[in-house]
Amino acid sequence: MAQQFNPQNIKKRTSILVFIKGSTAPLVMYVENPEEFYAELQQSMKSSTPKFFEKDTLGPLKRVSFMSNQIAALAIQEEQYAG
């Protein structure tokens, strides 16, 4: 039997997209506090001192490492999914 559409099953999740210099696709990271992590990454991009990031994530990527001076751009993405 097919599952019927129920708008109450629609949930939202937020991810951080980190575009690394020279890479064709962004790192899509699901983290506990996306707004806070975005602000931390943004601040590190403004700094002249490179910072090493290693982060455990909640999505398909389990652990990610990169240097702040390799970040080309950041984005916050909100997506809907059936849960």
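Residues numbered from 1 in each chain as written. Predicted model: local features only at pLDDT ≥ 70, side-chain atom pairs only at ≥ 80, totals over all residues. Heavy atoms only, no water.

Draft legend 1. Quick look at the nonpolar core. The biggest cluster of nonpolar side chains holds twelve residues, and these are Ile16, Val18, Ile20, Met29, Val31, Phe37, Leu41, Phe53, Val64, Phe66, Ile71 and Leu74. Those elements that place two or more of their residues in this core are strand S1 (10–20), helix H1 (34–46), strand S4 (63–67) and strand S5 (71–82). Sorting elements by how many residues they give to this core places S1 first, with three residues. (Core = buried A, V, L, I, M, F, W, Y, C linked by side-chain atoms within 4.5 Å. Buried < 20%, exposed > 50% of the residue type's maximum accessible area, 1.4 Å probe, protein only. Helix = DSSP H or I, 4+ residues; strand = E, 2+ residues; numbered from the N terminus.)

Draft legend 2. Here's a closer look at the pairing of S4. The side-chain alternation of S4 yields one buried face, formed by Val64 and Phe66, and one unburied face, formed by Arg63, Ser65 and Met67. With five bridges connecting them, strand S3 (residues 52–56) and S4 associate as antiparallel partners. What sits directly across from Phe52, in S4, is Met67. Connecting S3 to the antiparallel partner S4 that follows it, the hairpin turn spans six residues. (Pairing = 2+ DSSP bridges.)

Draft legend 3. Spatial organisation of the sheet that holds strand S2 (residues 27–29). Read from one edge of the open sheet, three strands run S2-S1-S5, paired in antiparallel fashion. Of all strands in the sheet, those bounded by a partner on one side alone are S2 and S5. Going from strand to strand, the sheet's axes swing by 25° on average, the running direction of each strand aside. Of the strand pairs in this sheet, S1 and S5 are connected by eleven bridges, and their pairing is antiparallel. (Axes fitted to C-alpha atoms, helices over the stretch in contact; angles between N-to-C directions.)

Draft legend 4. Representation of the pattern of salt bridges within the structure. Enumeration over the complete set of coordinates arrives at four salt bridges. When the shortest N-O distance is used, the salt bridge between Lys12 and Glu78 registers 3.6 Å. Linking Lys12 in strand S1 with Glu78 in strand S5, this pair joins segments that are 66 residues apart in sequence. In this pair, the class of Lys12 matches that of Glu78, namely exposed. We note a salt bridge from Glu40 to Lys51, for which the minimum N-O separation is 3.1 Å. In this pair, Glu40 is assigned in helix H1 and Lys51 in the loop between H1 and S3, connecting sequence segments eleven residues apart. (Salt bridge = Lys/Arg side-chain N within 4 Å of Asp/Glu carboxyl O.)

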